[in-house]
Number of protein chains: 2
Amino acid sequence: MSLLVVGSVAIDNVQTPHEIRNDLLGGSATHFSYAASFFTSVRLVGVVGEDWPAEHTALLDRRGIDTSGLSVISGGSTFRWTGRYEPNMNDRETLDVQLNVFGEFNPVLPESYRNSQFVFLANGVPAVQLKVLGQVPERRIAVADTMDLWISTQRDDLNKLLSQLDGLVLNDSEAKLLTESDNLVAAGHAVRKMGPKFVVIKKGEHGAMFFSEDLSYVLPAFPTENVIDPTGAGDSFAGGMMGYLTEQGNFDPATLKIALVYGTVVASFNVEGFGIERLQQVSRDDIEDRLADYRQMLSF
Amino acid sequence: MSLLVVGSVAIDNVQTPHEIRNDLLGGSATHFSYAASFFTSVRLVGVVGEDWPAEHTALLDRRGIDTSGLSVISGGSTFRWTGRYEPNMNDRETLDVQLNVFGEFNPVLPESYRNSQFVFLANGVPAVQLKVLGQVPERRIAVADTMDLWISTQRDDLNKLLSQLDGLVLNDSEAKLLTESDNLVAAGHAVRKMGPKFVVIKKGEHGAMFFSEDLSYVLPAFPTENVIDPTGAGDSFAGGMMGYLTEQGNFDPATLKIALVYGTVVASFNVEGFGIERLQQVSRDDIEDRLADYRQMLSF
């Protein structure tokens, strides 16, 4: 079984209170794909410019990530994001965004991707996310991410998207914005009533909440002292979650819960290095070990 | 076995986005005592003025809370606090504080309290907390709460107190202030190195973190949509925790963890009503039922 992801592929410049790092492999689809690759093969759809280093593609290929859907636009430049984290390592300021070729992103799936059954639409323009759904008629589960910009400016398209989704992942402030509710439990249920069968609210260092018609729960983040770069934490969370679902081949409630736990664990590794550097050092065994620690932490 | 608590007893005026309620039974020692009374008898030490309604004392007495340590100062007025909650129900603004008789609080324990083995020092002047410790020579465990004001202005006394404590509970912003660390895991360990054998960081709606030399973990709050009044949530958490420890008669690591869970559950009821009104409707069976739900929520 393969997992399809459509989203941004970028080059990031990241400033933290302790270090500045430039030209990092970034983007939502990148973090997602790498995280999911611990569990399943991945089909990546994205767009980059001719400045894109070939070694990045090679790195993804070696992880079983199919990059035949990664378009390289000659004469174009790759999406670049520059951000600075506050000392608390949660709040961040975007210093510069150059959408470049990602501004014209119009994903057309390779023929070999169109039978995808597990689908993730990383954060992007809702109209574009909708167009992707039209290209995967055999999908069994479609989950999307979104962001404040689309909630505020593309509400009609977003509502249409929500009605077609199995799941939505979004962060706490986005859930509050979308529902105009200040209570996250109320917000989670309200988002679910907009269409998705389940909703995951990401709370960063405070964990994640799950909502379906029959079930709601909250899981804490895995506590780590060693937060180097939170960029991509939410995407790696989604990648671990969707990767595990794809590996299992189902998304019943019990599997979904374990999938959220895998997402939590993978995200906790993601933040321990810049870009995907820490994930590159990690094995599936490391993930299983940390999951066992996490399970122990929540047992009493 | 009895649990000793020393702290404020107050009359609160609370404003939320939905309702204004005046003359509520409040104060840290009150919320703590009521929460602990589900598990054990309690010995309360506090001070009130002649405006204190006798029915409040009667209410505490009926819960097995010994009020022989509650001094009524004739000619004095009870500590009064007025606060307003923001729409998010987490942030609040103190509109008015009248310390009244609590400003001169100089707790002298009744003879019958001096053999107390389980001791909780609710938030108060560190010098006063230290004086209480001198009056309980047979104590087996002493746990204290503190606040930003004492961290900023009474550091020497606070350091002395920390060196004599078994446990400290404080909230997340206080832990960051005390340690000048922005990472809560680092902050928790740093506080522990200041003296207490264990540290509990309260994160409000995001749960609580535990730190000892050998162990650290985080537990989420019990998610509730029905947040009416968060006043006293931290005190009822501590009351549930210390009440359970006293009931069990020990504080080994496994018992401490379950105690944090009971604290979490009791606090989740506390916020579902103004003052202690919701706790007054709850039975030990209700607590056990919600604890079972919580355990289920964290199982996967």
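Since this is a predicted model, take the numbers as computed values, not measurements. (Residues numbered from 1 in each chain as written. Chains lettered and ligands numbered in written order. Predicted model: local features only at pLDDT ≥ 70, side-chain atom pairs only at ≥ 80, totals over all residues. Heavy atoms only, no water.)

## Some remarks on the relation of the copies chain B and chain A
For the pair of chain copies, the relating operation is a rotation around an axis with a shift along it. Cut-off, in case you're wondering: Superposing copies: least-squares fit, C-alpha atoms only, residues required to have pLDDT of at least 70 in both. Throughout, a residue-residue contact means that at least one pair of heavy atoms, one from each residue, lies within 4.5 Å.
With an RMSD of 0.0 Å, chain B superimposes on chain A once it is rotated by 180 degrees and translated 0.0 Å along the axis. Such a combination of turn and shift is consistent with a two-fold rotation axis. Of the interface residues in chain B, 100% have counterparts in chain A that sit at the interface too, so the contact is made through matching surfaces.

## So, the environment of A:M297
To keep things clear, this is the line we draw: Only DSSP runs of H or I with at least four residues qualify as helices, and only runs of E with at least two residues qualify as strands; both kinds are numbered from the N terminus onward. Buried means the residue's accessible area, taken with a 1.4 Å probe over protein chains only, is under 20% of the maximum for its type, while exposed means over 50%, and partly exposed covers the values in between.
Structurally, the position occupied by A:M297 is in helix α11 (residues 284-297). With relative accessibility at 6%, the residue A:M297 sits in the buried group. Linking A:M297 and A:R84, residues 213 residues apart in sequence, is a C-alpha distance of 32 Å. The residues contacting A:M297, other than those within four sequence positions of it, are A:P220, A:A221, A:P223, B:Y217, B:V218, B:L219 and B:K257.

## What about the confidence of the model for chain A?
The line we're drawing: Along the chain, pLDDT gives the predictor's confidence residue by residue, from 0 to 100.
Per-residue pLDDT for chain A averages 97, and the proportion of residues at 70 or more is 100%. For this predicted complex, the interface confidence comes out at an ipTM of 0.93, alongside a pTM of 0.95.

## Notes on the sheet that holds strand β5 (residues 65-73) of chain A
Residues and elements named next belong to chain A. The line we're drawing: Note on pairing: DSSP must find at least two bridges between two strands before they are called paired. Helix axes are fitted only over the stretch in contact, all axes being lines through C-alpha atoms; the angle between N-to-C directions runs from 0 to 180 degrees.
The 9 strands lie next to each other as β5-β4-β1-β8-β9-β10-β11-β12-β13, forming an open sheet whose pairing is mixed. Across the chains shown, the open sheet's two edge strands, defined by having one partner strand only, are β5 and β13 (216-219). Averaged over neighbouring strand pairs, the angle between their axes works out to 15 degrees when direction is ignored. Relative to β13, strand β12 (residues 208-212) runs antiparallel, the two sharing 4 bridges. The residue bridging M209 from the neighbouring strand is V218, located in β13. Helix-sheet contacts for helix α1 (residues 28-36) involve β1 (2-6), β4 (41-49), β5 and β8 (118-121), and the interaxial angle to β1 is about 165 degrees.

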